[in-house]
Structures are given as C-alpha cells and as structure tokens.
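Now for the letters of each chain:
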Amino acid sequence: MKSFENKVAAITGAGSGIGRALALGLARQGCHVALSDVNSAGLKETAELVRKLGVKASEALVNVADRDAVQAWADQVMAEYGQVNAIFNNAGVAQGGTVEGNDYADYEWVMSINFWGVVNGTKAFLPYLKSTGEGHIVNTSSIFGLFAQPGMSAYNASKFAVRGFTESLRQELDMAACGVSASCVHPGGIKTNIAITARMNDSLASVTGQDANQARQQFNDQLLRTTPEQAAKVIINGVLANKRRILIGGDAIASDLMQRLLPALYQRLVVASMGLAARFAPKGKGKPLTE
C-alpha cells in the first residue's frame, strides 16, 4: 500500500495511546477510520478528534477477546464503508509476576487479549482486505516479543506468539500475491497508560526487589520514553514501506541487535543486570499509580 488517502483503516485499542495516535496520524493522510475499544469515553474522544480532521470515523465498543464481537465489528465496518484496507490489531494489556506466583487466570487473560485478539482481528478482516484488493495487517507485538526477561512470562508468551503468527502470515500472503501484506510491530517503552492498567503481583519482588507498586512506578518512570505520536509515525511509515518488522525506539533497536548477536547469552546478561538492580532497589511499600 503506497498511500492511505481515501483508504479505510480499522484500529483496535483506539481509545488512547498508540491507537489514538494512529487514528489521528492516518486521518491526517486522508484515511477514514473505524475505531474500537472497551473504553467508551476514550473511544468517543478519539472519534471526535478524528472527525475534526475532515475524515469519517465510526465507533464500536469491542472486546478483542470476544471472537463473535470482533467478527460482527468487521462485518459492520465493511457494510458501512464498502471497503477495508487495513486492520491495526493494536489493543493489548500487560501483566507482571513469576511463573510460580501467577495464576492460570493471569495467563488466560493476557493471551485472550494480546494473542487471541490479534488472531480474531486478522481472521475477521482478512477476507475483506483481500476483496478490496489492496490491504495491510498490522499486528502489535513488543520489545518483549524479541527477548524475554524474568517476571514477564505471560506477557512474553503473548508477544512472542504475535510475532510468530504474523511472520507466518506474512509469508503466506507473499506466496498468495493477493494484494494484502502484514507487518509485526515491536514497540519499546511507549508513554501510554499501560503501566497504570498493568496487572502485577508481589511475586515480582523475587526478581526486582520491589513490590508491585514500586515495579509499576519504575516501569512508568524509567522505561516509557517514546511518545505515542512518535510510535504512530514510525508504524505508518513502516506500513507504507511494507516492512516485515517495525521497531519503535532505540530500546527496541538495541534489543533486537542484542538478541541477534547473543541469542542465548543475552539471558545471562538480563539475569545479571536485574539481580544488580534488585540489590539496590528502594525498599518499602510503593503507592499505586493513578492517572
């Protein structure tokens, strides 16, 4: 896809963060957008901002873990717009805790949104993208889809799964030569509400030396550096360039290089660095983050 002008893009997780920035960035390029989220207030605000830019925007409350709801939304978008040229499977959640400290429900929650949400969105929209004749599927993985670290097993599992799914999909689409392509996005630390909404439990203390609130605060203050607007610009340009892998931020680029150069040894480096950080981590109880 060489241009977004007069195209139609569907975006999940559009109520805030990267999803909102994508909606606005695409609108500035003359692209109409179909927006979905579970946050009705944020979704409405995004739609109002988009309409001020002179393009059409529709809103739908959709839980991406609900396969039937995602399919119904895709059908609705096609019926309303008559075409769909891109699906940005952007919705996601974060969770922190050790394998021993996590419940099965933690893994099910993360996978239902981060992985199955991507699968649901891809399968619901793919036939419509192919029928339109020109389209792109954009699936959001993470820096943690490139390398793993202690205390993030659920999140790592979901984002590695998105990466594998999307890379396989891209190869199938290349072979089919059907006019549709796919990209996998690997953001580093993006300044969104992910730290606020992340579910973390105190089993993290065994690997970070901090309770859940302290770990959340450090994650928010030290690791979230790139703005959603910067991220959206990189994603949109990556799609126009038909990139297979879209890395966002210096941390993502460095992590990708580290994993390529040290595919097994990097794990020892992560353990050593986190052990050192835990040793000097501030003790006591942290206060919950608020918006």
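All figures in this text were calculated on a predicted structure; none of them were measured in a lab.

Basis of the calculations
- Residues numbered from 1 in each chain as written.
- Predicted model: local features only at pLDDT ≥ 70, side-chain atom pairs only at ≥ 80, totals over all residues.
- Heavy atoms only, no water.
- Pairing = 2+ DSSP bridges.
- Helix = DSSP H or I, 4+ residues; strand = E, 2+ residues; numbered from the N terminus.
- Axes fitted to C-alpha atoms, helices over the stretch in contact; angles between N-to-C directions.
- Contact = heavy atoms within 4.5 Å.
- Expected span 1.5 Å × (residues − 1).
- Bend = angle between axes of the 7 residues up to and from the residue.
- Buried < 20%, exposed > 50% of the residue type's maximum accessible area, 1.4 Å probe, protein only.
- Parallel < 35°, antiparallel > 145°, perpendicular 65-115°, else oblique.
- Left-handed = near helix turned anticlockwise from the far one by under 90°.
- Right-handed = clockwise from strand over helix to strand, strands pointing away.

In this structure, what is going on with the sheet that holds strand β3 (residues 57–61)? I would like to understand it.
Whether parallel or antiparallel, the strands of a sheet pair through hydrogen bonds between backbone atoms. Taking strand neighbours across the sheet as the criterion, the seven strands line up as β3-β2-β1-β4-β6-β7-β9 in an open arrangement whose pairing is parallel. Where the open sheet ends on each side, the last strands, each with one partner, are β3 and β9 (245–248). Direction aside, neighbouring strands of the sheet carry axes that sit 15° apart on average. Against the sheet, helix α5 (residues 153–176) contacts β6 (135–140), β7 (180–187) and β9, and its axis sits at roughly 155° relative to β7. Here helix α10 (residues 250–261) sits on the sheet in contact with β7 and β9, set at roughly 120° to β9.

Can you walk me through helix α4 (residues 104–132) in this structure?
For an α-helix the count is 3.6 residues per turn, leaving residues at separations of three or four pointing the same way. Taking 1.5 Å per residue, 29 residues should reach 42 Å; α4 reaches 40 Å between its end C-alpha atoms and fits that length. Where α4 bends most, at Trp116, the angle is about 40°. Gly133 occupies a position one or two residues after α4 and carries a positive phi of about 100°.

Quick question: what am I supposed to make of unusual backbone geometry here?
Backbone geometry follows two general trends: most residues other than glycine have a negative phi, and most peptide bonds adopt the trans configuration. Residue Asn6 is not a glycine yet carries a positive backbone phi of 60°. By secondary structure assignment, the location of Asn6 is in the segment before β1 (8–11). Residue classification places Asn6 among the exposed positions, given a relative accessible area of 52%. The residue Asn242 is not glycine, and still its phi comes out positive at about 55°. Within the secondary structure, Asn242 is located in the loop between α9 (228–240) and β9.

Mind showing me how you'd approach the packing of helix α1 (residues 17–27) against helix α2 (residues 40–51) here?
When two helices pack together, their arrangement is captured by the angle between the axes and the distance separating the axes. The geometry of α1 relative to α2 is characterised by a closest axis approach of 9 Å and an angle of 15° between their N-to-C directions. The pairing of α1 with α2 is recorded here as roughly parallel in orientation. Considering the relative orientation of α1 and α2, their crossing is right-handed. Contact residues: α1 offers Arg20, Ala23, Leu24 and Ala27, while α2 offers Gly42, Glu45, Thr46, Leu49 and Val50.

Would you explain the pairing of β1 in this entry?
Consecutive side chains along a regular strand alternate between the two faces of the sheet. The alternating pattern of β1 places Val8 and Ala10 and Ala9 and Ile11 on opposite faces, both of which are buried. Bridging between β1 and strand β2 (residues 32–37) involves four bridges; their strand directions are parallel. Looking across to β2, one finds that Ala9 is bridged to Val33. Handedness of the crossover is the feature at issue here: the chain leaves β1, passes through α1, returns alongside β2, and the resulting connection is right-handed. In this structure, β1 lies alongside strand β4 (residues 86–89), joined through three bridges in parallel fashion. Bridge pairing in β4 links Ala9 to Ala86.

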